[in-house]
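Listed below, chain by chain, are the residues.
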Amino acid sequence: WVGDVGFDPFGFSDYFDMKWLRESEIKHGRISMMATVGFVMQQYWTIPGMTHVDDSNLAPAAAGLSSMLQIVFYVGILEFWTNKGNVTMETMFEDSSRVPGEF
């Protein structure tokens, strides 16, 4: 892992738990991959009931606030559920057998 071998130019591993940093890196990577697929798929396919827009950057505005909030709340509930209620850095890795990124 990056912080374990000495390459940590900003010193994040001095202030944060390495398991927390690994977990956040994996989650952000997965979300970025899904966002990229969604960004490309929006050009070719429109979800029924949604408005098609030619510019992908305008899609969030076309979807509206309620659709965006549904995504945020769903992801928050999913995060809470997969971590068994332990969503803070202090409590997420109380179980020593828990490996970052594994469901």
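Structure's up top.
Residues numbered from 1 in each chain as written. Predicted model: local features only at pLDDT ≥ 70, side-chain atom pairs only at ≥ 80, totals over all residues. Heavy atoms only, no water.

## Brief notes about a nonpolar patch on the surface
What counts, and what does not: The patch calculation keeps residues exceeding 30% relative accessible area without a salt bridge and links them within 9 Å when they carry like charges or within 5 Å when they are nonpolar (Val, Leu, Ile, Met, Phe, Trp, Tyr). Where accessible areas are quoted, they stem from the Shrake-Rupley method and a 1.4 Å probe; at the residue level, only the protein chains shown are allowed to cover. We define a salt bridge as a contact between a side-chain nitrogen of Lys or Arg and a carboxyl oxygen of Asp or Glu at a distance within 4 Å. Only runs of H or I of at least four residues qualify as helices and only runs of E of at least two qualify as strands under DSSP, and these elements are numbered from the N terminus. Each residue is placed in one exposure class: buried if its accessible area under a 1.4 Å probe, protein chains only, is under 20% of its type's maximum, exposed if it is over 50%, and partly exposed if it falls in between.
Among the surface-exposed residues, Val37, Phe39, Val40, Met41, Tyr44, Trp45, Ile47 and Met50 lie close enough to one another that they form a single nonpolar patch of about 850 Å² accessible area. Within the secondary structure, Val37 is located in helix H2 (residues 18-44). Of the residues examined, Val37 reaches a relative accessible area of 52% and is grouped as exposed.

## As for the packing of aromatic side chains
Rules: Here is the rule: rings of Phe, Tyr and Trp (six-membered ring for Trp) pair when centre to centre is within 6.5 Å. Planes less than 30 degrees apart are stacked, more than 60 are edge-to-face, and the remainder are tilted.
All chains considered together, the criterion is met by one aromatic pair. Consider the rings of Phe10 and Phe12, whose centres lie 5.9 Å apart with planes at 40 degrees: the pair is tilted. Judged by relative accessible area, which is 43%, Phe12 ranks as partly exposed.

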